[in-house]
Amino acid sequence: MPRQLDQLPPDPTSLARRLAALEREVRELRAARRLSSATAELIRTAASGPRVEINGATQAVDLYGDDGTTLLAELATNTSGTPGGGLWTRGLQDPYNMSAFLGGGELTFQPVQSGLVDTAAAVSYDTDSTQFADLILTSGAIGASDMRARIILETVTAGQPAWVYVTGDQSAPCNLDVNGVLTAANLAWGQVSITPSAANTPTSVNVTGLNLQGTTFLGWAVATTAVPGSGVTGSSATNVTATGLTVWTTRTTTAQTFVNWLVIGV
């Protein structure tokens, strides 16, 4: 009858390998048991619809809610038939909203083809837990020394206004191109018509109904005229506030004059 000592591996290296393999199998067994107890009835392959290849078989993998019928997420190919695929989470569905959480770190994006960029794009969340909380979107870079664009969405404590920063790496300059109409709560502009009460007499029109953000307000006014200095001798803005301003113009005749105005709150 063989002794227990004879059943041991012949050398320490073999013994270490056998022990490492055993530990790995135990970890896998524990993970399988946790998965089975937590989600065995929630994860299943779909009988139809988008599919992926799993263990040599083409199928989709769906994640369902506790009721077994509410679809929460799907890992499959694109429904459009184009190459590619991924994880599709079914969020913002009434009466319950589903969310996906990244436990920590940075979510990075890189082209499928390797070697195209030196630095991947990234989304990260940063906070000092006392003063600010920032969601940061950073563009990738083809070269290691290329300047990356960065958008920072920042919430500040103590009831202060939130901020959106468009900047470059390490607060370097970053160009911003708005391909459309720019609007902001601290900007207002328009045009008024002024008919002077008499020649060479300053005449004004009040602009009301504004609701501008800011604490200090700057105003400008300029007449739309082909005879500046001779026909129209001047235009200006006074009494500039968050709610309105007074627009003036003076000309050598009593002809109707259109004046453009602009107010900026800072």
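In short, a report on the structure. (Residues numbered from 1 in each chain as written. Predicted model: local features only at pLDDT ≥ 70, side-chain atom pairs only at ≥ 80, totals over all residues. Heavy atoms only, no water.)

Observations regarding the sheet that holds strand β14 (residues 232-238)
What the three strands build is an open sheet, ordered β12-β15-β14; its pairing is antiparallel. Two strands in the sheet have a free side with no partner beyond their single neighbour: β12 (203-207) and β14. Taken pair by pair, the neighbouring strands of this sheet meet at an average axis angle of 15°, ignoring direction. Bridge analysis of β14 against strand β15 (residues 245-251) gives six bridges, and the strand direction is antiparallel. In the strand pairing of β15, Ser235 is matched with Thr249. (Pairing = 2+ DSSP bridges. Helix = DSSP H or I, 4+ residues; strand = E, 2+ residues; numbered from the N terminus. Axes fitted to C-alpha atoms, helices over the stretch in contact; angles between N-to-C directions.)

Some thoughts on the packing of aromatic side chains
Applying the stated criterion across every chain yields a total of one aromatic pair. Look at Trp163 and Tyr165: their rings are 5.9 Å apart centre to centre, the planes differ by 15°, and that puts the pair in the stacked class. Of the residues examined, Tyr165 reaches a relative accessible area of 33% and is grouped as partly exposed. (Phe/Tyr/Trp six-rings, centres within 6.5 Å; stacked < 30°, edge-to-face > 60°. Buried < 20%, exposed > 50% of the residue type's maximum accessible area, 1.4 Å probe, protein only.)

Things to note about unusual backbone geometry
Positive phi, close to 60°, is recorded for Ala158, a residue that is not glycine. Position of Ala158 relative to the elements: it lies in the loop between β9 (149-156) and β10 (163-168). Judged by relative accessible area, Ala158 falls into the exposed class, the value being 74%. Backbone geometry at Asn200 places phi at a positive 55°, although glycine is not the residue there. Note on Asn200: relative accessible area 51%, which makes it exposed.

Here we look at the environment of Ser124
Of note, Ser124 is situated in strand β7 (residues 121-127). Note on Ser124: relative accessible area 16%, which makes it buried. Sequence spacing of Ser124 and Gly104 is 20 residues, and the spatial spacing of their C-alpha atoms is 8.6 Å. Discounting residues that sit within four places of it in the chain, Ser124 has contacts with Glu106, Asp134, Leu135 and Ile136. (Contact = heavy atoms within 4.5 Å.)

Observations regarding the pattern of salt bridges
Counted according to the given criterion, the structure contains two salt bridges. A salt bridge links Arg148 to Asp169; its shortest N-O distance comes to 3.2 Å. Of the two residues, Arg148 sits in the loop between β8 (132-138) and β9 while Asp169 sits in the loop between β10 and β11 (187-194), which places them 21 residues apart along the sequence. There is no split in this pair, since Arg148 and Asp169 are both buried. Between Arg150 and Asp169 there is a salt bridge, and its shortest N-O distance comes to 3.5 Å. In this pair, Arg150 is assigned in strand β9 and Asp169 in the loop between β10 and β11, connecting sequence segments 19 residues apart. Of the two residues examined, Arg150 and Asp169, each falls in the buried class. (Salt bridge = Lys/Arg side-chain N within 4 Å of Asp/Glu carboxyl O.)

Thoughts on the environment of Ala141
Looking at the element boundaries, Ala141 is found in the loop between β8 and β9. Judged by its relative accessible area of 4%, Ala141 is buried. When the C-alpha positions of Ala141 and Ala120 are compared, they lie 6.7 Å apart, and in sequence the two are 21 residues distant. Apart from the residues lying within four places of it in its own chain, the contact partners of Ala141 are Val117, Asp118, Thr119, Asp146 and Arg148.

A look at the pairing of strand β16 (residues 257-265)
Taking every second residue as pointing to the same face, the buried face of β16 carries Thr257, Val259, Trp261, Val263 and Gly265, while none of Phe258, Asn260, Leu262 and Ile264 on the other face is buried. Bridge count between β11 and β16: eight bridges; the pairing is antiparallel. Paired with Leu187 across the strands is Ile264, a residue of β16. Across seven bridges, the pairing between strand β13 (residues 217-223) and β16 is antiparallel. From the neighbouring strand, Trp220 faces β16, where its bridge partner is Leu262.

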